[in-house]
Amino acid sequence: MATLLNNAGLYVGEYDLSAVLNEIALETDADVLDVTTFGASFRDYAIGLKGARFSAAGFYDPENADAPLHDKWGDADQIVTIVADNAAGGMAYMMRGCVPSYRVGGSIGQAGVVNLTGQTTQAPIVQGRTLHRATAAGATATGTALQLGAVAADKSIYGTLHVFGIDGTGTPTLTVKIQSDDSSGFSTPVDRLTFTNATAIGAQWVSAGPGAITDDWWRISFTISGTGPSFGFVVGFGIF
């Protein structure tokens, strides 16, 4: 059954590019190495280094497309999250990457366009889920409980946090934790990943493991403080 993409998103560092894009693609690959030795009757191959590339396209916007891409252009080790659905439970792909090229332009009488390409840098690409997205969260809360599975002994857990909006006085602060439990009611939640307190826009990548975790339910718990605070943020989570 086909999946309708009408709420996908791309986050690069502290920028949410979702509102200006209408195309997004992700491609993974691995080097195939010829390791055939003398005396062989058939060629033998081994898998070498792995990597991934992503691309996106949309409409030119000086503030929400051109400025963010120019800011991140060529910066190595950016935290990137691609989501198939900007809501809890949507497929998410998380990586440390860079945006080596982007293009803006258009023709007279036509809508301006933007195109960009990016790729991973050293860290793995982690397939997971969107745990939570908020555009103006102002109070402490927990996210939707999702049954995403237990963690095998040789696997690790990964989380990304993109804070793309912040408002308020008295040093608004956002603290986000990823928790697990053995039931959907989260009667005995365990903190598995904790992000550094966020007091400004930015992005974070956290991981733990490898190590077995028998809990199979996951959610976020977040604490917000300050005077009239408001945060826009998205959290991705995956097991790899």
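Below is a short write-up of the structure. (Residues numbered from 1 in each chain as written. Predicted model: local features only at pLDDT ≥ 70, side-chain atom pairs only at ≥ 80, totals over all residues. Heavy atoms only, no water.)

1. Some words on the overall build of the chain
The cut-off we apply is this: A run of DSSP states H or I qualifies as a helix once it reaches four residues; a run of E qualifies as a strand once it reaches two. Both are numbered from the N-terminal end. The buried label applies to any residue whose accessible area, calculated with a 1.4 Å probe on protein chains only, is under 20% of its type's maximum; exposed applies above 50%, and partly exposed to all values in between. Between two residues, a contact is recorded if the distance between any of their heavy atoms is within 4.5 Å. Within this scheme the basic residues Lys and Arg register as positive and the acidic residues Asp and Glu register as negative, but His and the chain ends are omitted. Lysine's charge is taken at NZ, arginine's at CZ, aspartate's at CG and glutamate's at CD.
A count of helices and strands for the chain gives 1 helix and 14 strands. Judged by the C-alpha coordinates and their principal axes, the chain covers about 75 × 60 × 35 Å. When the 240 residues of the chain are sorted by exposure, 39% land in the buried category. In the chain, 75% of the contacts between residues at least 6 apart in sequence involve partners at least 24 apart. Averaging the coordinates of the 12 positive side-chain charges in the chain and doing the same for the 22 negative ones gives two points 4 Å apart.

2. Quick look at the environment of Ser207
Among the secondary structure elements, Ser207 is positioned in strand β13 (residues 202-208). Those residues in contact with Ser207, other than ones at most four positions away along the chain, are Ile157, Tyr158 and Leu193.

3. With respect to the pairing of strand β4 (residues 45-59)
To be explicit about the condition: Two strands pair under a simple rule: DSSP has to find at least two bridges between them.
As judged from the 12 bridges shared by strand β3 (residues 21-34) and β4, these two strands associate in the antiparallel manner. In the sheet register, Ala25 faces β4, and the bridge partner there is Ser55. Strand direction decides the pairing type here: β4 and strand β7 (residues 113-120), joined by 7 bridges, are antiparallel. Of the residues in β7, the one forming a bridge with Ser55 is Thr117.

4. So, the pairing of strand β14 (residues 217-239)
Pairing between strand β8 (residues 126-137) and β14: 7 bridges, direction antiparallel. Bridge pairing links Ala134 to Phe233 in β14. Taken together, the 2 bridges between strand β9 (residues 141-142) and β14 define a ladder with antiparallel strand orientation. Residue pairing across strands places Ala141 opposite Phe222, the latter belonging to β14. Across 2 bridges, the pairing between strand β10 (residues 146-147) and β14 is antiparallel. Residue pairing in the sheet places Leu146 in a bridge with Trp218 of β14.

5. Let's talk about the environment of Ser225
With respect to the secondary-structure elements, Ser225 resides in strand β14. Ser225 sits 49 residues away from Val176 along the chain, and the two C-alpha atoms are 12 Å apart. Filtering out sequence-adjacent residues up to four positions away, Ser225 remains in contact with Thr171, Pro172 and Thr173.

6. A closer look at the pattern of salt bridges
Applicable threshold: Every case where a carboxyl oxygen of Asp or Glu lies within 4 Å of a side-chain nitrogen of Lys or Arg is listed as a salt bridge.
Here the structure, examined in full by the defined rule, presents 8 salt bridges. Close ionic contact of Asp29 with Arg53 constitutes a salt bridge, the shortest N to O distance being 2.6 Å. Of the two residues, Asp29 sits in strand β3 while Arg53 sits in strand β4, which places them 24 residues apart along the sequence. Between Arg43 and Asp34 there is a salt bridge, and its shortest N-O distance comes to 2.7 Å. When salt bridges with common partners are traced through the structure, they connect Glu27, Asp29 and Arg53 into a single cluster.

7. A word on the side chain of His162
Stated precisely, the cut-off is as follows: Any pair of nitrogen or oxygen atoms within 3.5 Å is treated as a polar contact; in protein, a donor-acceptor pairing is required on top of that, and neighbouring residues in sequence qualify only through side-chain atoms on both sides.
With respect to the helices and strands, the residue His162 is situated in strand β11 (residues 157-181). His162 sits in the buried class, given a relative accessible area of 0%. Polar contacts involving the side chain of His162 include one to the side chain of Thr81, which spans 2.8 Å. Look past the residues within four positions of His162 in its chain and what remains in contact with it is Tyr11, Gly13, Ile79, Val80, Thr81, Gly202, Ala203, Gly232, Phe233 and Val234.

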